[in-house]
Amino acid sequence: MTVSSIENALTHHIRQIVETHFDKNHFKVFSFVFSLITCLCAASVLIISIFTPWLIQYLNYNQFVINIIGAFIAIGMYLPLPYLGYLADVHGPVILAVLSLFMFFPGYMVASLVVRDNLHYIYLCISYGLIGCATSCLYFSSLLTCAKVFPNHKSLSITAPVACYGLSSLLLSGLLDSVNWFYYVNGDLNLYRCFRFFAFFYFVLGVINWVSSVIVTIERDLIFEEEQIPLIEPDDIHKRDFSVFLKDHSMYLFLFAFFLIVGPLETCITNIGSITTVIDPNGRKAIPLQVSLHAIFSTTSRILVGGSLDYLPKIGVTPVHLMIVLVLSGTLAFTLITQGSHMDLISIFLGFSYGGLFAITPNILVSIWGIGIFGSSWGLFMLAPAAGSTLFGLLYALNFDTMCKVESRFCLWKVFSALALCTVTSAIIIFFCNKVWAKRNAFKC
């Protein structure tokens, strides 16, 4: 595939420096390592549950407002992804690295002003929408860089950045928990300092990601020079392959199943703070622990899932079988929430389900529909958490604000009974999709 004019403009000077002063193989390793480091630092948006108690305390937000902010996060993270994926497939991941620079900094700067000046919550919604989109750009750029630099090692090139992203929320929550600079003298979290820190931190990280993503352009340029036959424009190749993807009816069923499980899981991430205050006897003090448990088991699940992909076919198990297990893990977590007990187990099962699903689903897409349209196919699937988080989040907020005014460990049973039913439905649909794919021998992994 040829290098587009936009990709050439964004990478020209960096490529000249790299090709003159660096060995290409060494730069590939550099790009892979720094893409993983970027993923390790990318998920500050996932630790919003640490901030929500202080937003409620200092800005008088209720759970409905918190979930409106969560909806803007989901919309920012997931709704633009089909277009971002298309841009990355045609112009390279470098364009996403550049876009992240111009959204992270103003997003967190505006958030800091909202906290300092007590501005209307709509400004915080907009800022977190930008932060959500910037997060996707930064993470997606790194993921695609890893996947396209080492396309023949899916268990490494896809699972490693996915696992690092899962670990990111654990590292960032640990940073906030351990550095006194982020706190007032009385022990309350200083949101203004937190948001300012992230603004400058992500500006630097975005510049590094810009440089590391250039390896994809260098690799593509070398392949094109060796072939010396630009017979088809990159946009034409992409449209042809993506058209096949869109005409596959099983894809739409799989997308709906993904919506039914990932929407409720995203809702739990946004609201893990309030869920903890309802169920855990330690209340707000237990929130950092639950965030950490979720992150630890999310990362563990990503690693285990990625490490097992090369061995599953040898024992007659497809990735879809593993995906069903992960879905049912979410079902178990929601069932425990309806019982109003075992918050630690709830966080563990939620993390295991969430992390594993975001590791296995990209691999299924690549295995069935190919790496060439991975940016667009994965981008389309990210509409599921965008819509699901918004819908299920508002349902949760309505339930919480009406049923949890009086303290009760069982006030969430209605909404989570419904969510558990959604996840069971998801597992049934995924099982059916696997039957369809097995008949046509779709899995190449």
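Quick notes on the rules
Residues numbered from 1 in each chain as written. Predicted model: local features only at pLDDT ≥ 70, side-chain atom pairs only at ≥ 80, totals over all residues. Heavy atoms only, no water. Helix = DSSP H or I, 4+ residues; strand = E, 2+ residues; numbered from the N terminus. Rg over C-alpha atoms; globule rule 2.2 N^0.38 Å. Buried < 20%, exposed > 50% of the residue type's maximum accessible area, 1.4 Å probe, protein only. Contact = heavy atoms within 4.5 Å. Areas by Shrake-Rupley, 256 points an atom, 1.4 Å probe, with all protein chains shown as cover. Lys, Arg positive; Asp, Glu negative; His and termini not counted. Charge placed at Lys NZ, Arg CZ, Asp CG, Glu CD. Disulfide = S-S within 2.5 Å. Domains from an automatic or database assignment. Buried area = accessible area lost by both parts, 1.4 Å probe. Salt bridge = Lys/Arg side-chain N within 4 Å of Asp/Glu carboxyl O. Polar contact = N/O pair within 3.5 Å; in protein donor to acceptor, adjacent residues only side chain to side chain.

A. Just the overall build of the protein chain, in detail. Along its length, the protein chain carries 19 helices and zero strands. Against the globule reference of 22 Å for 445 residues, the protein chain gives a C-alpha radius of gyration of 22 Å, in line with a compact fold. Counting across all 445 residues of the protein chain, residues that qualify as buried make up 58%. Sequence separation of 24 or more characterises 83% of the internal contacts of the protein chain that already satisfy a separation of 6 or more. With the model as given, the accessible surface of the protein chain reaches about 18,000 Å², and the carbon-plus-sulfur share is 68%. Treating the 23 positive side-chain charges of the protein chain as one cloud and the 23 negative ones as another, the clouds have centres 8 Å apart.

B. Focus on the state of the cysteines. A complete count under the given rule lists one disulfide for this structure. With a sulfur-sulfur separation of 2.1 Å, Cys404 is cross-linked through a disulfide to Cys411. Torsion about the S-S bond of the Cys404 and Cys411 cystine: about 95°, corresponding to right-handed handedness. The class for Cys411 is buried, based on a relative accessible area of 7%. No disulfide involves Cys125; its sulfur sits 16 Å from the nearest other cysteine sulfur, which is in Cys133.

C. How the structure looks around the side chain of Thr145. Assignment of secondary structure puts Thr145 in helix α7 (residues 121-149). Residues in contact with Thr145, not counting those within four places in the same chain, are Ser35, Pro93, Ser212, Ser213, Ile215 and Val216.

D. Quick look at helix α17 (residues 374-381). Of all eight residues that make up α17, eight are buried, and the element is covered over most of its length. Among all positions of α17, only Phe374, Gly375, Ser376, Ser377, Trp378, Gly379, Leu380 and Phe381 are buried.

E. Focus on the environment of Asn25. Inspection of the secondary structure assignment puts Asn25 in helix α2 (residues 24-40). Residues Asn25 and Leu312 lie 287 residues apart in sequence; the distance between their C-alpha atoms is 31 Å.

F. Inspection of the domain arrangement of the protein chain at higher detail. Here the domain parsing of the protein chain yields domain 1 (5-229) and domain 2 (240-440). For domain 1 versus domain 2, the separation of C-alpha centres amounts to 22 Å. Counting residues at the interface gives 39 residues for domain 1, matched by 48 residues for domain 2. Carbon and sulfur atoms supply 67% of the area buried between domain 1 and domain 2, which totals about 3,600 Å² over both sides. Area buried by domain 1 at its contact with domain 2 is led by Gln63, Asn67 and Tyr78, which between them contribute 17% of it. Summed over the shared surface of domain 1 and domain 2, the number is zero salt bridges. On the surface where domain 1 and domain 2 come into contact, there are six residue pairs in polar contact (both at pLDDT 80 or more).

G. Structural detail: the environment of Ile158. Counting through the fold element by element, Ile158 comes out in the loop between α8 (154-157) and α9 (159-178). Take Ile158: its relative accessible area is 1%, and that puts it in the buried class. With 122 residues separating them in the primary sequence, Ile158 and Leu36 have C-alpha atoms 10 Å apart.

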